Amino acid sequence: MNKHICTRWAFDLSTWTPTLPQLTHAVSVIQPEERTRLMKFHFIDDFLSSLIGRLLMRKFVSTCSGEPYHQVHFERDARGKPYWVQQGQGEGQKLKGTTNALSFNVSHQGSLVLLAGIRGNKDDPEFGIGTDVMKIEYNGGKSLAEFFRLMQSKFSPQEWSYIGRPQHNEGAQLKAFMRHWCLKEAYVKELGVGITVDLQKISFAVDTTHPLEEAVSPLCATTLRCNGTPMTQWHFEEHLLSHKYCAAIAFRNCLPHDNAKFEFVRFEDLIEQSKASAEQPDVVAYCKQALLKPQKRHS
Ligand code: COA
Ligand code: MG
């Protein structure tokens, strides 16, 4: 399998309190239908997570393709997965990012927003990437054992035997649960199929030679079986970020050229390729309205 250039960017929302000019700048570069979607979020936290995801995608595509930042155009497929529409493609040729030799996926949870992206050659066989991030915490009210019972159907018996190892305390079991959750999500997000997959038939065997810690992250020896068949065309990375977050990247028909960690980017990095445009009063009004949204209470 060919090795591909991989991008792993992370944004930590807890380090950023947007000013009105920053928000106006960010909102002015995203597509109008995304503005409408964002405004429907009740909490400012969700609004900003999703907004940062859009900026990460734009930066990734513009950087890798050379297409001017403002011209990058995204659409969503029938299940909501965003893809890049390369300039010059006609209505009938709107192809997904992978055929343009770029594949990317965004995930956000808590204060983190991640983008994993991969760049190949035009003549590579079709390939793709999916990613997911989860905060390693549980405050669902029920006991963890009860929560695991409710989640029984989401994991295979082999996965449960690892997650529920009796010699491990609840913290370790929760971490194992979240690792498997991220792996499954990254896999289904590459496929773009959401929850239509029978999750019990997808069974991951995580790397047991090392505990997942920031220092050794990413772990790359995780394997997948579907209905008992080894999925040899897939490769997985497991990351631990900021102690509290685990993340996974699923690579289909491609391999990253390195095993690097996620790189934390700043707001300025996300908009550096955008030209300053004349202030649009409707965007300023939109942002003022967004800044009135309530904030989630964090633990
Ligand atoms: N496939 C892949 N990526 C998608 C997608 C899809 N069908 N739809 C949207 N996305 C992208 C978007 O960039 C989206 O960001 P946006 O909401 O700001 O537009 C981002 O992925 C969302 O990813 P994430 O933050 O990880 O959200 P999620 O984990 O809540 O949602 C979906 C993931 C979108 C695939 C979700 O709809 C879903 O169906 N999840 C499966 C649920 C489940 O039962 N999982 C069990 C795992 S054990
Ligand atoms: Mg997710």
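A brief look at the structure comes next. Just so it is clear, the structure is predicted and the values come from calculations on it, not from any experiment.

## Looking at the nonpolar core
Phase 1: Grouped together as the largest cluster of nonpolar side chains are 39 residues, with contacts concentrated most on Phe 11, Phe 47, Leu 51, Ile 52 and Leu 55.
Phase 2: Ranked by the residues each element gives to this core, the list is headed by helix 3 (residues 44–65), at 11 residues.
Phase 3: The contacts of Phe 11, once residues within four sequence positions are left out, are Trp 16, Ile 52, Ser 111, Leu 112, Val 113, Val 265, Arg 266, Phe 267 and Leu 270.
Phase 4: The next biggest cluster of nonpolar side chains, apart from the first, holds 34 residues, and it includes Leu 224, Phe 236, Cys 246 and Ala 250.

## As for the pattern of salt bridges
Phase 1: Applying the stated criterion across every chain, the model contains 16 salt bridges.
Phase 2: Close ionic contact of Asp 46 with Lys 296 constitutes a salt bridge, the shortest N to O distance being 2.7 Å. Of this pair, Asp 46 sits in helix 3 while Lys 296 is found in the segment after helix 8 (281–290), placing the two residues 250 residues apart along the sequence.
Phase 3: Of the residues examined, Asp 46 reaches a relative accessible area of 23% and is grouped as partly exposed.
Phase 4: By relative accessible area, Lys 296 is classed as partly exposed at 31%.
Phase 5: Residues Glu 137 and Lys 135 are paired through a salt bridge, measuring 3.7 Å at the closest nitrogen-oxygen approach.
Phase 6: Accessibility expressed as a relative area gives 31% for Glu 137, which makes it partly exposed.
Phase 7: Each of Glu 34, Arg 37, Arg 54 and Arg 76 takes part in one network of salt bridges that share partners.

## Re the sheet that holds strand 8 (residues 223–226)
Phase 1: In spatial order, the strands read 7-8-9; together these 3 strands make up an open sheet with antiparallel pairing. Every other strand in the sheet has two partners, leaving strand 7 (202–205) and strand 9 (229–230) as the edge strands with one partner each.
Phase 2: Note that strand 7 and strand 8 share 4 bridges and pair antiparallel. By the bridge assignment, Phe 204 is partnered in strand 8 with Leu 224.

## Considerations on helix 8
Phase 1: Listing the buried residues of helix 8 in full gives Val 283, Val 284, Tyr 286, Cys 287 and Ala 290. Down the axis of helix 8, the buried set is contained in an arc of 160°. They therefore lie on one face. Exposed positions of helix 8 whose direction lies more than 90 degrees from the buried face are Pro 281 and Asp 282.
Phase 2: At its buried positions, helix 8 is contacted by helix 1 (20–29), helix 2 (32–39) and helix 3.

## Quick look at the pairing of strand 1 (residues 3–12)
Phase 1: Across the 10 residues that make up strand 1, a large majority, 8, are buried.
Phase 2: Inspection of the sheet shows strand 1 paired to strand 12 (residues 255–256) by 2 bridges, in the parallel sense. Along strand 12, the bridge assignment pairs His 4 with Pro 256.
Phase 3: When strand 1 meets strand 5 (residues 112–119), the two strands line up antiparallel, connected through 8 bridges. In the sheet register, Thr 7 faces strand 5, and the bridge partner there is Gly 117.
Phase 4: Across 2 bridges, strand 1 lies against strand 13 (residues 263–264) in parallel orientation. Within the sheet, the bridge partner assigned to Trp 9 lies in strand 13 and is Glu 263.

## Things to note about the environment of Ala 248
Phase 1: Along the chain, the position of Ala 248 falls in strand 11 (residues 245–252).
Phase 2: Residue Ala 248 is classed as buried on the basis of its relative accessible area, which comes to 0%.
Phase 3: Every residue in contact with Ala 248, bar those within four places of it in the chain, is listed here: Gly 130, Thr 131, Asp 132, Cys 182, Leu 183, Ala 186 and Glu 237.

## Re the site of ligand 1
Phase 1: In the neighbourhood of ligand 1, 22 residues make up the surrounding shell, with Ser 50, Arg 76, Ser 107, Glu 185 and Lys 189 lying closest.
Phase 2: The backbone of His 108 places a nitrogen or oxygen atom 2.8 Å from an oxygen atom of ligand 1.
Phase 3: A distance of 2.7 Å separates an oxygen atom of ligand 1 from a polar atom in the side chain of Lys 189.
Phase 4: When the free accessible area of ligand 1 is taken as 930 Å², the share hidden by the protein chains comes to 78%.

Quick notes on the rules
- Residues numbered from 1 in each chain as written.
- Chains lettered and ligands numbered in written order.
- Predicted model: local features only at pLDDT ≥ 70, side-chain atom pairs only at ≥ 80, totals over all residues.
- Heavy atoms only, no water.
- Core = buried A, V, L, I, M, F, W, Y, C linked by side-chain atoms within 4.5 Å.
- Buried < 20%, exposed > 50% of the residue type's maximum accessible area, 1.4 Å probe, protein only.
- Helix = DSSP H or I, 4+ residues; strand = E, 2+ residues; numbered from the N terminus.
- Contact = heavy atoms within 4.5 Å.
- Salt bridge = Lys/Arg side-chain N within 4 Å of Asp/Glu carboxyl O.
- Pairing = 2+ DSSP bridges.
- Arc of directions from axis to C-beta.
- Near = heavy atom within 4 Å.
- Polar contact = N/O pair within 3.5 Å; in protein donor to acceptor, adjacent residues only side chain to side chain.
- Areas by Shrake-Rupley, 256 points an atom, 1.4 Å probe, with all protein chains shown as cover.

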